[in-house]
Amino acid sequence: MGETPLAGTIALVAGATRGAGRGIAAELGAAGATVYCTGRSTREQRSEIGRPETIEETAELVTALGGTGIPVQVDHLVPEEVAALAARVDAEQGRLDVLVNDISGGSPEFNTPIWEHPLDEGLRSLRLAVETHLITSHHLVPLVIRAGGLVVEVGDGTTEYNDAFYRESMFYDLSKVAANRMAYGLAEELRPHGCAAVAITPGWLRSEEMLDLFGVAEENWRDAVAAQPHFCISETPRFVGRAVAALAADPDRARWSGGSVSSGGLAKVYGFTDLDGSRPDAWRYIVEVERKDGPADATGYR
């Protein structure tokens, strides 16, 4: 195993079943942390999303990489379940060093005006993306305060980007602005307790769902560039995981508190790379190339 700067660290990733949450849990484990991996999909029961990934698989990956993975089935929309989770972590560990809020809001219909968007679907996506984070913070932040720890809000888009561009759906836009604002608000409330809160965004994520969408696997992901040329800037979920692990191990992480950062931006500061050794800077690429209808070319951006 490699270096373990987070040995002895207790972390919890809410929404660790797949995507960024799994990547973050994995890299916290690779750095030596004990990671509670929560979500709704287990080997015995899938959520309504219907995908095959499970929290047990994530926990096993954490352990295989050198940490200790603990799967816990939790619906973060149910306060009683989150309260029980907090009580368990308290009883087993007595504190929580790192809390990662990664639960997302599903997939509202993009490029559909609010008056045409199915209302139930839109409101459900907001509940999943915002209400879950509030419930989770309410019950678990007291354990973070006990540790003088870190809260990470995972969203999509930095504050700078989301302030400049509409995110294709009223519901999606609100959910992603909310993640960044929740980190800002948590930082204000946590400052007197010596804790930090940071919002982080991955770039164009090569999640399990995205790879399936393009009909490729991680091993041949570049085959998808023919269908979507700008996919050339994409990154693995482990890249944002390494960003979170770097934040957690930084004794000066308070410098980021209240702010909004990206995996590509933090890679320049901390020096980590994606699994292939590159450092994709997706949000700079999106603004400077994709948004300007430039030719798809990641040269100079990874």
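Rules of the game
Residues numbered from 1 in each chain as written. Predicted model: local features only at pLDDT ≥ 70, side-chain atom pairs only at ≥ 80, totals over all residues. Heavy atoms only, no water. Salt bridge = Lys/Arg side-chain N within 4 Å of Asp/Glu carboxyl O. Helix = DSSP H or I, 4+ residues; strand = E, 2+ residues; numbered from the N terminus. Buried < 20%, exposed > 50% of the residue type's maximum accessible area, 1.4 Å probe, protein only. Contact = heavy atoms within 4.5 Å. Phe/Tyr/Trp six-rings, centres within 6.5 Å; stacked < 30°, edge-to-face > 60°. Lys NZ or Arg CZ within 6 Å of the ring centre and 35° of its normal. Arc of directions from axis to C-beta. Pairing = 2+ DSSP bridges. Right-handed = clockwise from strand over helix to strand, strands pointing away.

What the rule picks out here adds up to 22 salt bridges. With its nearest N and O atoms 3.0 Å apart, the salt bridge here joins Arg-22 to Glu-57. Here Arg-22, found in helix 1 (residues 19-30), pairs with Glu-57, found in helix 2 (residues 55-64); they are 35 residues apart in sequence, far enough to count as distant. Judged by its relative accessible area of 13%, Arg-22 falls in the buried class. Take Glu-57: its relative accessible area is 32%, and that puts it in the partly exposed class. Salt-bridge contacts for Asp-281 lead to Arg-284; the nearest nitrogen and oxygen are separated by 3.0 Å. Given a relative accessible area of 8%, Asp-281 falls into the buried group. The network of salt bridges with shared partners includes Arg-18, Arg-51, Glu-53 and Asp-212.

Turning to the environment of Gly-264, a few remarks are in order. Summarising the element assignment, Gly-264 is placed in helix 9 (residues 263-270). For Gly-264, the contacting residues outside a window of four places in its chain are Phe-239, Pro-280 and Asp-281.

Moving on: the packing of aromatic side chains. Summed over the entire model, instances satisfying the criterion amount to nine aromatic pairs. Judged by centre distance (5.0 Å) and plane angle (85°), the ring pair of Phe-110 and Tyr-172 falls under edge-to-face. Here Phe-110, found in the loop between strand 4 (98-101) and helix 4 (119-147), pairs with Tyr-172, found in helix 6 (residues 170-190); they are 62 residues apart in sequence, far enough to count as distant. Among the aromatic residues, those joined into a cluster by ring pairs are Trp-204, Phe-214, Trp-221 and Phe-231. A cation over a ring is seen here: Arg-206 above Trp-221, with NZ or CZ 3.9 Å from the ring centre.

It is worth spelling out the environment of Arg-127 at this point. Within the element layout of this structure, Arg-127 appears in helix 4. Once the C-alpha coordinates of Arg-127 and Cys-195 are considered, the two residues, 68 residues apart in sequence, prove to be 26 Å apart.

The next point concerns helix 2. Every buried residue of helix 2 is listed here: Ile-55, Glu-56, Thr-58, Ala-59 and Val-62. Buried residues along helix 2 cover an arc of 160° about the axis, so they all sit on one side. If you follow the buried residues of helix 2, they end up packed against helix 1, strand 2 (34-39) and strand 3 (68-73).

Extensive coverage of strand 1 (residues 10-14) is indicated by the burial of five of its five residues. Burial along strand 1 is two-sided: the face carrying Ile-10, Leu-12 and Ala-14 and the face carrying Ala-11 and Val-13 are both buried. For strand 1 and strand 2, the ladder comprises five bridges, and the chain directions are parallel. Pairing of Val-13 across the sheet is with Cys-37, part of strand 2. The handedness of the strand 1 to strand 2 crossover, carried by helix 1, is right-handed. Where strand 1 and strand 4 come together, four bridges link them in parallel fashion.

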